[in-house]
Amino acid sequence: MQTGLEFLTALKNGEVSSSPMAQTLPMQLIEASKGKVIYKVTPNNTHLNVQGGVHGGFCATALDTATGGAAHSVLEANVGYGTIDLNVKMIRPMQTDTAYYAHGELINAGRNIITTEGKIVDDNGKIYAFASATFMIIRK
C-alpha cells in the first residue's frame with residue numbers, strides 16, 4: 001500500500017490513471033509534496049454556464065481536488081478521506097482555453113480532521129478563486 005504522497009507522486013508521474021472527473025474537468029497534477037499540491041486546470045467551452053462564463057462548478061471542483069490533494073498528501077498508507085466542507089469564493093471570471101493553477105495547502109492535520117486551503121491563480125499569480133476545506137480521515 002502507498003502513502004497518500006506516494007500515490008500522488010505516482011499520479012503526477014503518470015504511473016496511475018487519473019480519476020474520471022479529471023476527464024470531465026481537464027486537470028493535471030504538476031506538483032506534489034507533503035502538505036502541498038498544484039494542479040494545472042484549463043476550462044474550455046464545455047464548462048460554460050448559460051451566460052457564457054466559466055461555470056462556478058469548475059472552480060469548486062478544481063478547488064475540491066486541490067484542497068483534497070493537500071489532505072491526501074499527509075495520509076498514511078491504507079487511510080482515506082472524505083470532504084466534510086468546502087467553502088469557495090470566486091473573485092474574478094476565468095477565461096476558456098487559458099491555463100490556471102489550483103493550489104492546495106495543508107492548514108492542520110489532526111487525528112480525525114484535516115483542514116486545508118486552496119486558490120486558483122493564473123501564470124502571474126493573480127487569484128481567481130479561493131477556498132477552505134475540511135476533510136474527515138477514514139481509517140479502513
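Criteria and thresholds
- Residues numbered from 1 in each chain as written.
- Predicted model: local features only at pLDDT ≥ 70, side-chain atom pairs only at ≥ 80, totals over all residues.
- Heavy atoms only, no water.
- UniProt positions renumbered as here; feature names shortened; annotations may be inferred.
- Pairing = 2+ DSSP bridges.
- Helix = DSSP H or I, 4+ residues; strand = E, 2+ residues; numbered from the N terminus.
- Axes fitted to C-alpha atoms, helices over the stretch in contact; angles between N-to-C directions.
- Phe/Tyr/Trp six-rings, centres within 6.5 Å; stacked < 30°, edge-to-face > 60°.
- Buried < 20%, exposed > 50% of the residue type's maximum accessible area, 1.4 Å probe, protein only.
- 1 Å grid on protein atoms, 1.4 Å probe; cavity = no way out; pocket = protein on both sides within 12 Å on 5 of 7 lines; lining within 4 Å.
- Points joined across faces, edges and corners; volume = space filled by probe spheres on them.
- Nonpolar A, V, L, I, M, F, W, Y, C, P; charged D, E, K, R; others polar.
- Polar contact = N/O pair within 3.5 Å; in protein donor to acceptor, adjacent residues only side chain to side chain.
- Contact = heavy atoms within 4.5 Å.

An unreviewed UniProt entry lists the chain under the name Thioesterase domain-containing protein, with Acinetobacter ursingii ANC 3649 given as the organism. Under Sequence similarities (unreviewed entry), UniProt gives the following word-for-word description of the chain: "Belongs to the thioesterase PaaI family."

Caption draft 1: Representation of the sheet that holds strand β2 (residues 36–41) in the model. As summarised here, the arrangement of the six strands in space is β1-β2-β4-β5-β6-β3, forming an open sheet in which the pairing is antiparallel. Two strands in the sheet have a free side with no partner beyond their single neighbour: β1 (27–33) and β3 (79–90). The average angle at which neighbouring strand axes cross in this sheet is 20 degrees, direction not considered. Where strand β5 (residues 113–121) and strand β6 (residues 127–139) come together, nine bridges link them in antiparallel fashion. Pairing of Lys-119 across the sheet is with Phe-130, part of β6.

Caption draft 2: Local environment of the packing of aromatic side chains. Summed over all chains, the structure comprises two aromatic pairs. Between Tyr-81 and Phe-135, the aromatic rings sit 5.5 Å apart at their centres with planes inclined by 80 degrees, giving edge-to-face as the arrangement. Here Tyr-81 is found in strand β3, whereas its partner Phe-135 is found in strand β6, with 54 residues between them in sequence. Geometrically, the ring pair formed by Tyr-100 and Tyr-128 is edge-to-face, given 5.0 Å between the ring centres and 70 degrees between the ring planes. With a gap of 28 residues between them, Tyr-100 in strand β4 (residues 100–109) and Tyr-128 in strand β6 connect regions that are remote in the sequence. With a relative accessible area of 11%, Tyr-128 lands in the buried category.

Caption draft 3: Expanded view of the layout of surface pockets. Of the voids in this model, the largest pocket is the one considered here, and its volume is about 380 Å³. Together, 19 residues line the largest pocket, and Leu-11, Ser-18, Ser-19, Ala-22 and Tyr-39 are the ones closest to its centre. Within the residue set of the lining of the largest pocket, elements represented by two or more residues are α1 (4–12), α2 (21–24), β1 and α3 (56–72). Taken together, the residues that form the lining of the largest pocket break down as ten nonpolar, eight polar and one charged. Reported here for the second largest pocket is a volume of approximately 180 Å³. Those elements that place two or more of their residues in the lining of the second largest pocket are β1, β2, β4 and β5. Along the lines of polarity and charge, the residues of the lining of the second largest pocket split into four nonpolar, four polar and five charged.

Caption draft 4: Seen up close, the side chain of Ser-73. Positionally, Ser-73 belongs in the loop between α3 and β3. Residue Ser-73 is classed as buried on the basis of its relative accessible area of 4%. A polar contact of 2.7 Å, which involves the side chain of Ser-73, links it to the backbone oxygen of Ala-70. If sequence neighbours within four positions are ignored, Ser-73 has contacts with Gly-4, Leu-5, Leu-8, Ser-33, Lys-34, Gly-35 and Lys-36.

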